[in-house]
Number of protein chains: 2
Amino acid sequence: MTLKVYADRFSQPCRAILIFCKINGIDFEEITIEVLKLQQFTPEYKEINPMSEVPAIVDGGFKLFESHAILIYLACTNPGVADHWYPADIFKRTKIHSLLDWHHSHLRRGASNSNNINRFLDVDFENDYLNDFILVAGLVYNTILAPLYGLPSNPRAVDEAKKILPKSLSILDDFWLQGSGQFLLGNSEPSIADLSLVCEIMQLEFLSEKDYLRILSPYKKVLQWIKDTKNATAPYFDEIHMTLFNAQKGIREHMLTQSVSSPEGGRKSEVYSEM
Amino acid sequence: MTLKVYADRFSQPCRAILIFCKINGIDFEEITIEVLKLQQFTPEYKEINPMSEVPAIVDGGFKLFESHAILIYLACTNPGVADHWYPADIFKRTKIHSLLDWHHSHLRRGASNSNNINRFLDVDFENDYLNDFILVAGLVYNTILAPLYGLPSNPRAVDEAKKILPKSLSILDDFWLQGSGQFLLGNSEPSIADLSLVCEIMQLEFLSEKDYLRILSPYKKVLQWIKDTKNATAPYFDEIHMTLFNAQKGIREHMLTQSVSSPEGGRKSEVYSEM
């Protein structure tokens, strides 16, 4: 039975899994779960992932969710996957675990998480403290997606992202990308951590070009590493990100129109340009 | 060269690692890094863990941080560790990864994290938005530790914890603890995930007994599982938690005195009893 991948290409961990399958020649069927259409809450999908989050996989009778766990599973169960993605050597492997755990507790907070929309909708809109809850969402949801979809946004989350994101990018640049190789941990070939973290950072493409460059340009190694990871996973990286690139184009045009035509739009664009 | 474990027993992931070493007869030297005394920021410790967080290990020349990664490393490199802690079977192993990832993104937000003190102190006290930043800290830091140590606290974090913690406990009770065995994933013996998550929940022992019971008593399976994990790791569980139990005793006495003797104390105890 073919591996089934339940994914929304707007979600960064979903894209990491789709690219991983494609670059490694893993046969799979992609089943789209549109988070913004709340398809993750259908009883059918809850049978797949009771947490109502994407991505999830079903491999034969085996169900799994959480993207890092899925990447590890796919690397271990497909003999065609090259060792560098998830090395058998315990010292190399454990460093990847450490990096993926860091991703959870640092970078993932600073960039964006489409599942935040999910969590946000899952709970009561009326309670003020949900504005706190989505603080962990970071930048993109609150400056771009929430205003775009008419959902409540939270300027404090932007402030939080302002603090966490540069710090995380700086740690990537100074610490995780030190060493001789061009990939994380100084490796000369990419691992599941490179794919997972680059897809996270790609979410920033939703921002205006100016803000995107303002955020990322101080981090030269990060910029080069994004390019190297794209190249190492070509042509699938761009293919899977096409949904994001198309949306980005539309969003940037929309932002431009807003900032020109309305006072509210003008105010919003100040939020972006504050970054 | 003996394994070195850099830990603060007030920190739940540190306790998980110390108990794991003891129950599995792993020879190690414990080096105390007192987070509240900011010892994680010394240049010597930054050589061990540039993130200035506990726990970290040094095994020969190999340095590692992030507690889940450390537990996996210790399970894989010590032949005496029984398979149930981190099974070789990829299906069982991957489910543990999924659960540990869930821990990162859900439960860890709802309970407490001594490293939040760390992060909090690491950045600028003066900025208001740091009150947002520590929203991820959850309950214990803001209701107990911050007032106790005269650090700024954030009532919104309590609101967030009110929302996340019961939801996470409910998922533990209904989903992760379903199945025939008494441990997570329906296993009949504990894994690194049981140890990691129970140590997290133990942080709630800092609360008043009344609040502790109010939070946990609806979750019968969770309560039984805490007991089972304690028993499975006796006598080390209690030995390593002794620091916490002693502090708990002092804190509960302090809270009682405060609520009796001062109006401010009385107000504070209302915050606790709201839970």
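Residues numbered from 1 in each chain as written. Chains lettered and ligands numbered in written order. Predicted model: local features only at pLDDT ≥ 70, side-chain atom pairs only at ≥ 80, totals over all residues. Heavy atoms only, no water.

Attention shifts here to the overall build of chain A. In terms of helices and strands, chain A carries 13 helices and 4 strands. A burial count over chain A gives 58% of its 275 residues as buried. Taking as baseline every contact in chain A between residues at least 6 positions apart, the subset at least 24 positions apart corresponds to 67%. Carbon and sulfur atoms make up 52% of the accessible area of chain A, which amounts to about 10,600 Å² in all. (Helix = DSSP H or I, 4+ residues; strand = E, 2+ residues; numbered from the N terminus. Buried < 20%, exposed > 50% of the residue type's maximum accessible area, 1.4 Å probe, protein only. Contact = heavy atoms within 4.5 Å. Areas by Shrake-Rupley, 256 points an atom, 1.4 Å probe, with all protein chains shown as cover.)

Right, let's talk about helix 3 (residues 67-77) of chain B for a bit. Judged by how many residues are buried, helix 3 of chain B sits mostly within the fold: 9 of 11 residues are covered. Taken residue by residue, helix 3 of chain B has S67, H68, A69, I70, L71, I72, Y73, L74 and A75 of chain B as its buried positions.

Residue and element names in this part refer to chain A. Among the 5 residues that make up strand 1 (residues 3-7), 4 are buried, leaving the element largely enclosed by the rest of the structure. Sheet analysis places strand 1 next to strand 2 (residues 28-32), joined by 5 bridges and oriented parallel. Note that in strand 2 the partner of A7 across the bridge is T32. In terms of handedness, the path from strand 1 via helix 1 (residues 12-23) over to strand 2 forms a crossover that is right-handed. (Pairing = 2+ DSSP bridges. Right-handed = clockwise from strand over helix to strand, strands pointing away.)

Bridging between strand 1 (residues 3-7) of chain B and strand 3 (residues 56-59) of chain B involves 3 bridges; their strand directions are antiparallel. Residue pairing across strands places K4 of chain B opposite V58 of chain B, the latter belonging to strand 3 of chain B.

Below, the discussion takes up empty space enclosed by the protein. The rolling of a water-molecule-sized probe over the atoms marks out the regions of remaining empty space. For the coordinates displayed, the defined rule picks out 2 cavities of 30 Å³ or more. Here the second largest cavity is characterised by a volume of approximately 100 Å³. Around the second largest cavity sit H68, I72, H97, L100 and D101 of chain A together with H68, I72, H97, L100 and D101 of chain B, which together line it. Of all the elements in the fold, those that place two or more residues in the lining of the second largest cavity are helix 3 (67-77) and helix 4 (90-110) of chain A together with helix 3 and helix 4 (90-110) of chain B. Here the residues of the lining of the second largest cavity sort into 4 nonpolar, 4 polar and 2 charged. (1 Å grid on protein atoms, 1.4 Å probe; cavity = no way out; pocket = protein on both sides within 12 Å on 5 of 7 lines; lining within 4 Å. Points joined across faces, edges and corners; volume = space filled by probe spheres on them. Nonpolar A, V, L, I, M, F, W, Y, C, P; charged D, E, K, R; others polar.)

Moving on, we get to the sheet that holds strand 4 (residues 62-65) of chain A. All names here are of chain A. Strands sit in the order 2-1-3-4 across an open sheet of 4 strands; the sheet is mixed. The sheet terminates laterally at strand 2 and strand 4, the two strands that pair on one side only. Between one strand and the next, the sheet's axes are offset by a mean angle of 20 degrees, whatever the strand orientation. Strands strand 1 and strand 2 of the sheet are contacted by helix 1, whose axis makes an angle of about 150 degrees with strand 1. (Axes fitted to C-alpha atoms, helices over the stretch in contact; angles between N-to-C directions.)

A few words on the packing of helix 9 (residues 192-202) of chain A against helix 11 (residues 220-232) of chain A. Residue and element names in this part refer to chain A. Their axes nearest at 10 Å, the elements helix 9 and helix 11 cross at an angle of 115 degrees. Taken as axis vectors, helix 9 and helix 11 run roughly perpendicular relative to one another. Crossing hand, helix 9 versus helix 11: left-handed. Residues D194, L195, L197, V198, I201 and M202 of helix 9 touch helix 11, and the partners they reach there are V222, W225, I226, T229 and K230. (Parallel < 35°, antiparallel > 145°, perpendicular 65-115°, else oblique. Left-handed = near helix turned anticlockwise from the far one by under 90°.)

In this section: the nonpolar core. Core analysis: the largest hydrophobic core is formed by 144 residues, its most contacted members being W225 of chain A together with W225 of chain B. Among all residues touching W225 of chain B, those that are not within four sequence positions of it are L172, L177, Q182, F183, L184, D194, L197, V198 and I201 of chain B. (Core = buried A, V, L, I, M, F, W, Y, C linked by side-chain atoms within 4.5 Å.)

Another point: helix 11 (residues 220-232) of chain B. Residues and elements named next belong to chain B. For helix 11, spanning 13 residues, the distance from its first C-alpha to its last is 18 Å, which sits close to the expected 18 Å at 1.5 Å a residue. Those residues of helix 11 lying buried are V222, W225, I226, D228 and T229. All buried residues of helix 11 project into a common sector of 170 degrees when viewed along the axis, lining one side. Within helix 11, the exposed residues directed more than 90 degrees away from the buried face are K220, K227 and N231. (Expected span 1.5 Å × (residues − 1). Arc of directions from axis to C-beta.)

Residue and element names in this part refer to chain B. Taken together, the 4 strands give an open sheet; going across it, the order is 2-1-3-4, and neighbouring strands pair in mixed fashion. Among the strands making up the open sheet, the edge pair consists of strand 2 (28-32) and strand 4 (62-65). With direction set aside, neighbouring strand axes in the sheet form an average angle of 20 degrees. In this fold helix 1 (residues 12-23) packs onto strand 1 and strand 2, with an angle of close to 150 degrees to the strand it touches most, strand 1. Helix 3 contacts strand 1, strand 3 and strand 4 of the sheet and is inclined by roughly 135 degrees relative to strand 4.

This part covers the pattern of salt bridges. Residues and elements named next belong to chain A. Following the criterion strictly, the structure yields 6 salt bridges over all chains and no others. For K22, the salt bridge is made with E239, and the minimal N-O distance between the two is 2.6 Å. A residue pair is termed long-range when its members are at least 10 positions apart, and K22 in helix 1 and E239 in helix 12 (residues 236-261) qualify at 217 residues. Classification of E239 as partly exposed rests on a relative accessible area of 32%. (Salt bridge = Lys/Arg side-chain N within 4 Å of Asp/Glu carboxyl O.)

Quick look at the packing of aromatic side chains now. Under the definition given, this model contains 18 aromatic pairs over all chains. With a centroid separation of 5.9 Å and an interplanar angle of 55 degrees, the aromatic rings of Y73 of chain A and F91 of chain B are classed as tilted. Separated into two different chains, Y73 of chain A in helix 3 and F91 of chain B in helix 4 make up a pair that spans both. Y73 of chain A sits in the buried class, given a relative accessible area of 1%. For F91 of chain B, a relative accessible area of 38% gives the class partly exposed. Ring plane angle 85 degrees and centroid distance 5.5 Å describe the contact between F20 of chain B and W85 of chain B, whose orientation is recorded as edge-to-face. Linking F20 of chain B in helix 1 with W85 of chain B in the loop between helix 3 and helix 4, this pair joins segments that are 65 residues apart in sequence. Owing to a relative accessible area of 4%, W85 of chain B belongs among the buried residues under this scheme. (Phe/Tyr/Trp six-rings, centres within 6.5 Å; stacked < 30°, edge-to-face > 60°.)

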